[in-house]
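# Architecture at a glance
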Amino acid sequence: MNNSQSIKEAFKLALPIMIGYIFLGVPCGLLCQQAGMDALQVFLLSALFYSGAGQYMIPNMWLAGSPLSAIIASVTLVNSRQLLYGASLSRFCSNTKKSLSFLYGATVTDESFAVNLAKFELGNWSVKAATMVNLFSQSCWALANVLGVILGSLLTVPTALASFAMTSIFLCLLFSQKGTLSNIAAAGFAVIGVFVCKLIGLTGPAILIGALVGVAAGMVVAALKGESHA
Amino acid sequence: MPEAMSWTEFAIVGISCAITILLCRTVPLFALRGRELPSWLSRALTFIPPAAFAALIANDILSPGMFDAGLWPGALPIVAACIVIPVALKTKSLVFCIVAGVGSYGLLMLI
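Since the structure is predicted, the reported quantities are computational estimates derived from the model, not experimental observations.

This next bit is on the overall build of chain B. Looking only at helices and strands, chain B has 5 helices and 0 strands in total. Start at the N end of chain B and walk to the C end: the helices and strands fall as α-α-α-α-α. The C-alpha atoms of chain B give 20 Å as radius of gyration, which overshoots the globular expectation for 111 residues (13 Å, by more than 25%). In terms of overall dimensions, chain B has a C-alpha envelope of 55 × 50 × 30 Å along the principal axes.

Here it is, written out as structure tokens:
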């Protein structure tokens, strides 16, 4: 693929993510403004930190009066699931320059991880194009957040409604996976894992622990069924 | 209502969170990059997408206290999710799923 072709491809792939990020980013900016952040701070957070869940948690916990250390620890625990994405994507970065691999890894999100992974597995996809998908998504996220601050008190968006845009994206990504028995076991046990974690008070690391339980369940079922995943 | 966040407090939280997420995003990528992975590990990696997305969905719509405010507020996201699933299976389109999800969630809120 030449350059302009891969930019076009990357934009096409990023577009649905960008739409989701507008739904999610505007209310996030609104919330940050309520916690006392200005447009520059919200932009910096989107550029350097870039985490949907995290950027919702910071103002929410601040407004609830949580100490800084608790905010940092909770956000870090929730974002620990990124470890899994990095591990999963490493095999596609073997022949890529370190600096590009770093930029790619540093800008991965739940949504861009999934769409790029699907393209990598089909072949004919480069880390460079995948990084463009990430950067298109991030730019849109940052703009939507800043827009949220600017619109400020003019708007009230029910956050539950807006955040369901992201849940819908996750549903689409989950139900686009192959319906093998081991995949179904992985998903089912991940759901149970998350619920049990919340039940015993492990809300922060619930996503990571749930996902690891799911991975283990998928491997057990695959081994029992003799399924091949090559 | 707590005071507005100061620049110092903002910098402490923002920089700390940015560093920890950067480590989570890049350390495994560089640790495993360019290595021949043992077969059990590559098999485990194939289960990350279904497990991670199921975990994210469960985290969004399920919690032990979900029915504390009554049956409907807890059931609403689950009903909306059930509307998105056939759209996902049929179209595999992120945009259609967002429209179906947010649209049905919004309509269900009116009930």
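Quick look at the packing of helix 2 (residues 39-48) of chain A against helix 1 (residues 7-32) of chain B now. At their nearest, the axes of helix 2 of chain A and helix 1 of chain B sit 10 Å apart, and the two run at 15° to each other. As far as their axial angle goes, helix 1 of chain B and helix 2 of chain A are roughly parallel. Remark: the crossing between helix 2 of chain A and helix 1 of chain B carries right-handed chirality. The residues of helix 1 of chain B that touch helix 2 of chain A, namely those facing Gln41, Leu44, Leu45 and Leu48 of chain A, are Phe10, Gly14 and Ala18 of chain B. Per-class residue counts for the contact of helix 2 of chain A with helix 1 of chain B are 5 nonpolar, 2 polar and no charged.

Bringing the interface of chain B and chain A into the picture now. Chain B puts 63 residues into the contact, and the matching count from chain A is 79 residues. Contributions of two or more residues to the side of chain B that touches chain A are made by helix 1, helix 2 (39-46), helix 3 (48-61), helix 4 (71-91) and helix 5 (94-110) of chain B. The greatest single-element share of the side of chain B that touches chain A, amounting to 18 residues, is contributed by helix 1 of chain B. Tallied by class, residues from the side of chain B that touches chain A come to 47 nonpolar, 10 polar and 6 charged.

We now examine the packing of helix 4 of chain B against helix 5 of chain B. All names here are of chain B. It is at 9 Å that the axes of helix 4 and helix 5 come closest, and there the two elements cross at 155°. Here helix 4 is positioned roughly antiparallel relative to helix 5, judged by the angle of their axes. Where helix 4 crosses over helix 5, the handedness of that crossing is right-handed. Contact residues: Leu76, Val79, Ala80, Ile83, Val84, Val87, Ala88 and Thr91 in helix 4; Phe96, Cys97, Ala100, Gly101, Ser104, Tyr105 and Leu108 in helix 5. Grouping the amino acids of the contact of helix 4 with helix 5 by side-chain chemistry returns 12 nonpolar, 3 polar and no charged.

Turning our eyes to something else, we now look at the confidence of the model for chain B. Residue and element names in this part refer to chain B. Averaged over every residue, the pLDDT of chain B is 92; the share at 70 or more is 98%. Between the elements of chain B, mean pLDDT differs from a low of 88, seen in helix 2, to a high of 96, seen in helix 1. Our summary of model confidence lists the complex with pTM equal to 0.82 and ipTM equal to 0.87.

Accessible area lost upon the coming together of the parts is a frequently used measure of interface size. Structurally, chain B comprises domain 1 (1-35) and domain 2 (47-110). Placing the centre of domain 1 of chain B and that of domain 2 of chain B at their C-alpha centroids yields a distance of 29 Å.

The subject of this paragraph is the nonpolar core. Leu171, Ala190 and Ala211 of chain A together with Ala51, Ala54, Ala55 and Cys97 of chain B are the most contacted members of the largest nonpolar core, which totals 111 residues. Here this core gets 13 residues from one element, more than from any other, and that element is helix 1 (residues 3-34) of chain A.

With that settled, the discussion passes to helix 6 (residues 98-106) of chain A. Ser101, Tyr104, Gly105 and Ala106 of chain A are the residues of helix 6 of chain A that are buried. The inward-facing, buried residues of helix 6 of chain A abut helix 5 (82-89) and helix 8 (127-151) of chain A together with helix 1 of chain B.

Relative to the helices and strands, Val102 of chain B resides in helix 5. Residue classification places Val102 of chain B among the buried residues on the basis of 22 C-beta atoms within 10 Å. Linking Val102 of chain B and Ala81 of chain B, residues 21 residues apart in sequence, is a C-alpha distance of 9.8 Å. Leaving out residues up to four positions away in the same chain, Val102 of chain B has contacts with Phe23, Leu161, Phe164, Ala165 and Ser168 of chain A.

Relative to the helices and strands, Val78 of chain A is located in helix 4 (residues 68-79). Residues Val78 of chain A and Pro205 of chain A lie 127 residues apart in sequence; the distance between their C-alpha atoms is 5.5 Å.

Reading the values: the criteria
Numbers given to residues run from 1 along each chain, matching the order in which its sequence is written. Just so you know, chain letters begin at A and ligand numbers begin at 1, following the order they were written in. A pLDDT threshold of at least 70 governs which residues receive local features in this predicted model, and a stricter bar of 80 or more applies before side-chain atom pairs are shown or counted, although totals over entire chains, interfaces and linings include all residues. Secondary structure counts use DSSP, requiring at least four H or I residues in a row for a helix and at least two E residues in a row for a strand, with both numbered from the N terminus. Only C-alpha atoms enter the radius of gyration; for comparison, a globular chain is expected to reach 2.2 Å times N to the power 0.38, where N is the number of residues. The axes are straight lines fitted to the C-alpha atoms, using for helices just the contacting stretch, and the angles between their N-to-C directions are given from 0 to 180°. Note that the term roughly parallel is reserved for angles under 35 degrees, roughly antiparallel for angles over 145, roughly perpendicular for angles of 65 to 115, and oblique for everything else. By the definition used in this description, the sense in which the near helix is turned from the far one sets the handedness, with an anticlockwise turn below a right angle giving left-handed and a clockwise turn giving right-handed. By the convention adopted here, residues make contact when the C-beta atoms placed from their backbones lie within 7 Å. Each residue gets one label: Ala, Val, Leu, Ile, Met, Phe, Trp, Tyr, Cys and Pro are nonpolar, Asp, Glu, Lys and Arg are charged, and the others, such as Gly, are polar. Confidence scores per residue from the predictor, reported as pLDDT, run from 0 to 100. Domains are outlined according to an automatic or database domain assignment. The nonpolar core criterion groups buried Ala, Val, Leu, Ile, Met, Phe, Trp, Tyr and Cys residues into a set whenever they are joined through C-beta atoms within 7 Å. Note on burial: count the other C-beta atoms lying within 10 Å of the residue's C-beta; 20 or more is buried, 12 or fewer is exposed, in between is partly exposed, and C-beta positions come from the backbone.

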